[in-house]
Structure formats: C-alpha cells, structure tokens
Amino acid sequence: MAELDRRAVLGLTACLAACPREVAARPGDAQLAYPDVPLAIDDMPAGGLRLLMLRGKPVFVRRLDAPQLARRRAEESHGQPRPNDEWVVRSGICTHAGCDLAAGLGPRGGLGCPCHGSQFDERGAVVRGPATRPLREPRHLIANGKLTLLESAGS
Ligand code: FES
C-alpha cells in the first residue's frame, strides 16, 4: 500500500471517530507544500485543521477556535492577543518514535499517534505518553493570510 494511502486509511479511521468540526485533515486530503512558497490559509475556519505534506513529511496547520484561543492567551500572554496567535503550525511526526500522527485521536481535537497511543493537545503539548516532548514547530512565517514553511522546516 502506498504511503499516502496508508495514511489516508489511518486518518479516515481517526476522523470517523472524533475529528474536530470543519476539519479537512485526513491524509488523503493532504495539500502539498513547498519550502519558501506561500500558501493561502485564511480560508480556514476557526477550529479548522489542515494537513500539509512538505517533502513527504506531515505538517498540521490549525486555526484555533475561540475557546482554544482564549486558553492560549491566558496561558501564554496574560490574556493579551499576539500577532498570528490564532495559528498553530506543528510537525505531524510523533516525538516518541517518529510515527505519523492522525487527527482526532487527541483531546480537544488534538493529534494522536496510532503506534503507541501518545496524544498531543491542539498546541502540540503532550497530554499522554509515551512521548515526552511536544511536537516540533517547523520554521515558518505567517503574513497576509499566507503560511510560508521555510527551507529548513522539514529537516
Ligand atoms: S511513535 Fe508515537 S507513541 Fe510511539
């Protein structure tokens, strides 16, 4: 089975169980991304999740919904907005042993790992092991409604 097909089956299974609403993050729906090429993301609704494939590696882009954004601001910036804080860009590779993560397997629409059950919240923090490290944040820029994954983002 081709790698993307395998991911599609895993993702579809996960989404049938518990995908966040407005989600388009099944691996079969993955959008190709290229280093240093801006990608429009401002069409994503609040609560939306999108899967990008950068050099064959998964990257998740999330637009936080109002409760998620309020939680982030309360925990990270004393309730104050920061530029682009509605966006979360995280590697879709599990920090335990490198499996691809699936949408809908973590709490509050977070990501989960089909290999050994690690779960990550909507900002990529570990909520259940065996993983101990948060998801990596690929180097990126967000400006004018566009996301640019930088050249070194996938390495
Ligand atoms: S590789 Fe993800 S939990 Fe082990």
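Caption draft 1: Quick look at the overall build of the chain. When its secondary structure is counted, the chain shows 2 helices and 11 strands. Going from N to C terminus, the chain has its helices and strands arranged as α-β-β-β-β-α-β-β-β-β-β-β-β. Counting across all 155 residues of the chain, residues that qualify as buried make up 36%. Pairs at least 24 apart in sequence give 46% of the contacts found in the chain among residues at least 6 apart.

Caption draft 2: Examining the sheet that holds strand 10 (residues 140-143) more closely. An order of 2-11-10 is seen for the 3 strands of this open sheet, with the pairing classed as antiparallel. Every interior strand has two partners, whereas the edge strands, strand 2 (39-40) and strand 10, have only one.

Caption draft 3: Structural view of the sheet that holds strand 3 (residues 49-54). The mixed open sheet is built from 4 strands, whose spatial order is 1-3-4-5. Where the open sheet ends on each side, the last strands, each with one partner, are strand 1 (31-33) and strand 5 (87-91). Across the sheet, the mean angle separating the axes of adjacent strands is 30° when strand polarity is ignored. Two strands pair when backbone bridges link them, and strand 4 (residues 57-63) and strand 5 are joined in this way by 5 bridges, in the antiparallel orientation. The residue bridging R63 from the neighbouring strand is W87, located in strand 5.

Caption draft 4: Spatial organisation of helix 2 (residues 66-76). Where burial is concerned, little of helix 2 is hidden: 1 out of the 11 residues are buried. Once helix 2 ends, the next one or two residues include H78, with phi positive near 50°.

Caption draft 5: Region of the structure containing unusual backbone geometry. Along the chain, G129 connects to P130 via a cis peptide bond; the corresponding omega equals 25°. Tracing the backbone through its elements, the reader meets P130 in the loop between strand 9 (126-128) and strand 10. Notably, R55 is not glycine yet its phi reads approximately 50°, a positive angle. For R55, the location among the structural elements is in the loop between strand 3 and strand 4. Located in the positive-phi region is N84, a residue other than glycine, with phi close to 60°. Here N84 lies in the loop between helix 2 and strand 5.

Caption draft 6: Focus on the environment of T132. Relative to the elements of secondary structure, T132 occurs in the loop between strand 9 and strand 10. For T132, a count of 9 C-beta atoms within 10 Å corresponds to the exposed category. Sequence-wise, T132 and S118 are 14 residues apart; in three dimensions their C-alpha atoms are separated by 8.9 Å.

Caption draft 7: View of the nonpolar core. In terms of nonpolar packing, the biggest core is built from 23 residues, with L52, V59, F60, V61 and L111 touching the most fellow members. Listing elements by their share of this core, those giving two or more residues are strand 3, strand 4, strand 5, strand 6 (102-103) and strand 11 (146-149). For V61, the contacting residues outside a window of four places in its chain are I41, R50, L52, W87, V89 and L147.

Caption draft 8: Local environment of the pairing of strand 10. Where strand 10 meets strand 11, 4 bridges bridge the pair, whose relative direction is antiparallel. Following the sheet pairing, L141 is matched in strand 11 by T148. Two successive antiparallel strands, strand 10 and strand 11, enclose a turn made up of 2 residues, where N144 displays a positive phi of approximately 55°.

Caption draft 9: Just the pairing of strand 4, in detail. In terms of burial, strand 4 is largely enclosed, as 6 of its 7 residues are buried. The pairing of strand 3 with strand 4 spans 6 bridges and is classified as antiparallel. Residue L51 lies in a different strand from strand 4, and its bridge partner there is F60. Hairpin geometry of strand 3 and strand 4 is characterised by an intervening segment of 2 residues between the two adjacent antiparallel strands and by a positive phi of about 50° at R55.

Criteria and cut-off values
- Throughout, a residue's number is its position along its own chain's written sequence, starting from 1.
- Where totals are concerned, whole chains, interfaces and linings use all residues; where local detail is concerned, this predicted model gives features only for residues with pLDDT of at least 70, and gives and counts side-chain atom pairs only at 80 or more.
- Runs of E in the DSSP output that reach at least two residues are strands. Runs of H or I that reach at least four are helices, and both are numbered from the N terminus.
- With C-beta atoms placed from the backbone, a residue counts as buried when 20 or more other C-beta atoms lie within 10 Å of its own, as exposed when 12 or fewer do, and as partly exposed for counts between those limits.
- For every residue pair, C-beta atoms are placed from the backbone, and the pair is scored as a contact if these atoms sit within 7 Å.
- Strands qualify as paired when DSSP identifies two bridges or more between them.
- Lines fitted to C-alpha atoms define the axes here, with helix axes fitted over just the stretch in contact, and angles between the N-to-C directions of these axes take values from 0 to 180 degrees.
- Remark: nonpolar core denotes a set of buried Ala, Val, Leu, Ile, Met, Phe, Trp, Tyr and Cys residues whose joining runs through C-beta atoms within 7 Å.

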